[in-house]
Amino acid sequence: VRFNGGTFRVTANMTVPNSTNKFTTSFTGATSTSTGTFEVLTGVTLTIGGANAVGIKAYQGDAYTYGYGDITVTNSGTVDVSAYSISLLQAYATGVDAFTNFGEVLVDNSGVIDVYAGSFERYYGPVAIGVTAYSGFGQVEVDNSGTISVAATANSSIIAGDTVATGVEATS
C-alpha cells in the first residue's frame, strides 16, 4: 500500500501477507508531504509475519534520500509480529518502525505490540524490537501506556551474532 495521504484504519482482525514492502510513503512520485496514518482500533489485531517482518513501517525518505515529513503512529489495538528463519537468513521482527531524517517522530501506543523472532540459523541470532523510532535531526517521542512484549529465541548455537530482544529503541 503506497500512502500519499490518508489513514489505514484496521477495524477488524486481519493478517497481512508476507511481502517485502507492505506499506510505504517512499515511492517514485512521493513528496515530502506524502503521509500515511495507521489506526489499529481497540480490540483489533493486525498480524504480520515472515523471515523479516515489520508490523507498521512508517518512513519519510531512507538512508539515501532526505525525509522531511513528520511521522505519527498511534496504536490502541494489537500489532502482532512474528519472524522465523530456518535458513541462512536472520530472523528480524519489529512491531513499529518509524523513520525520518529531518521531521518529528511520535509513536503513541495504548494497545498491545507483541513481537517474536526465532531462528535455527547458525550464523546470526534473531532480532526482535518492539518500537524503533528515529529522526536524524528532529524530535523523537515514544509514549507507551499499553504493553510492548518482545522475545527472541535462538534454537541452535550462534556463531557470529547475538540474540537480541529490545522493547523501545529511540534515536535522534
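Chains are numbered independently. Their residues run from 1 in the order of the written sequence. Since the coordinates come from a predicted model, pLDDT governs what is reported: local features require at least 70, and pairs of side-chain atoms require 80 or more to be given and counted, while whole-chain, interface and lining totals use all residues. The side-chain figures draw on all heavy atoms in the structure; neither hydrogens nor water molecules are used.

**Quick notes on the overall build of the protein**
So, point 1. Within the protein, the regular secondary structure consists of zero helices and 14 strands.
So, point 2. Helix and strand definitions here come from DSSP, where helices need a minimum of 4 consecutive H or I residues and strands a minimum of 2 consecutive E residues; each element is numbered from the N-terminal end. The secondary structure elements of the protein, listed N-terminal to C-terminal, are β-β-β-β-β-β-β-β-β-β-β-β-β-β.
So, point 3. Each of the 172 residues in the protein was classed as buried or not, and the buried ones make up 39%.
So, point 4. Here, two residues are considered to be in contact whenever any of their heavy atoms come within 4.5 Å of each other. Of the contacts made within the protein by residues no fewer than 6 positions apart, 80% connect residues no fewer than 24 positions apart. Using a 1.4 Å probe on the protein chains alone, a residue whose accessible area is under 20% of its type maximum counts as buried, one over 50% counts as exposed, and one in between counts as partly exposed.

**Examining the packing of aromatic side chains**
So, point 1. Pairing of aromatic side chains requires ring centres within 6.5 Å, counting the rings of Phe and Tyr and the six-membered ring of Trp. Pairs whose planes differ by under 30 degrees are stacked, by over 60 edge-to-face, and all others tilted. Scanning all chains against the criterion turns up two aromatic pairs.
So, point 2. Ring geometry for phenylalanine 99 against tyrosine 134: centres 5.1 Å apart, planes inclined by 15 degrees, an arrangement best described as stacked. Taken together, the residues phenylalanine 99 in strand β8 (residues 92-100) and tyrosine 134 in strand β11 (residues 127-135) connect sequence positions 35 residues apart.

**Some points on a nonpolar patch on the surface**
So, point 1. Together, Leu88, Tyr123, Tyr124 and Ile159 make up an exposed nonpolar region whose accessible area comes to about 450 Å².
So, point 2. Within the secondary structure, leucine 88 sits in the loop between β7 (78-85) and β8. Without a salt bridge and with relative accessible area above 30%, a residue can belong to a patch; like charges are then joined within 9 Å and nonpolar side chains (Val, Leu, Ile, Met, Phe, Trp, Tyr) within 5 Å. Throughout, the Shrake-Rupley method with a 1.4 Å probe supplies accessible areas, and for residues the shown protein chains are the sole cover considered. Salt bridge criterion: a side-chain nitrogen from Lys or Arg within 4 Å of a carboxyl oxygen from Asp or Glu.

**Topic: the pairing of strand β10 (residues 112-119)**
So, point 1. Note that β7 and β10 share eight bridges and pair parallel. By the bridge assignment for β10, aspartate 80 is matched with aspartate 114.
So, point 2. When DSSP finds at least two bridges between two strands, those strands are taken to pair. Two strands pair when backbone bridges link them, and β10 and strand β13 (residues 147-154) are joined in this way by eight bridges, in the parallel orientation. Each residue of the ladder has a partner; that of tyrosine 116, found in β13, is alanine 151.

**Considerations on the side chain of threonine 132**
So, point 1. Note that threonine 132 resides in strand β11.
So, point 2. Discounting residues that sit within four places of it in the chain, threonine 132 has contacts with Thr94, Val96, Asp97, Ala98 and Glu169.

**Overview of the sheet that holds strand β1 (residues 7-10)**
The pairing of strands in a sheet happens through backbone hydrogen bonds and is either parallel or antiparallel.
So, point 1. Spatial ordering of the open sheet is given by β1-β3-β6-β9-β12, a layout of five strands whose pairing is parallel. Here the strands that pair on one side only, and so sit at the sheet edges, are β1 and β12 (140-144). Strand after strand, the sheet turns through a mean of 5 degrees between neighbouring axes, direction not considered.
So, point 2. By the bridge criterion, five bridges tie strand β9 (residues 105-109) to β12 in an arrangement that is parallel. Bridged to aspartate 108 within β12 is aspartate 143. Whenever a helix is involved, its axis is fitted only over the stretch in contact; in every case the axis is a line through C-alpha atoms, and angles between N-to-C directions fall within 0 to 180 degrees.

**Section: the side chain of threonine 100**
So, point 1. Topologically, threonine 100 is positioned in strand β8.
So, point 2. On the basis of relative accessible area, threonine 100 is assigned to the buried category, the value being 0%.
So, point 3. Side-chain polar atoms of threonine 100 contact the backbone nitrogen of glycine 103, separated by 3.5 Å. Two N or O atoms count as a polar contact when they lie within 3.5 Å, although within protein this holds only if one can serve as hydrogen donor and the other as acceptor, and sequence-adjacent residues are included solely when both atoms are side-chain atoms.

**Describing the nonpolar core**
So, point 1. Here the nonpolar core consists of buried residues drawn from Ala, Val, Leu, Ile, Met, Phe, Trp, Tyr and Cys, with membership extended through side-chain atoms lying within 4.5 Å. Formed by 28 residues in total, the largest nonpolar core has its most connected members in Ile56, Val73, Val96, Val105 and Val107.
So, point 2. Aside from chain neighbours lying at most four places away, what touches isoleucine 56 is Phe38, Leu46, Val73, Val79, Gly95, Val96 and Asp97.

**Thoughts on the confidence of the model for the protein**
So, point 1. Within the protein, residue pLDDT values average 79, and 76% of them lie at 70 or more.
So, point 2. Mean pLDDT across the elements of the protein ranges from a minimum in strand β4 (residues 45-50), with 65, to a maximum in β12, with 95. pLDDT measures the predictor's confidence residue by residue and takes values from 0 up to 100.

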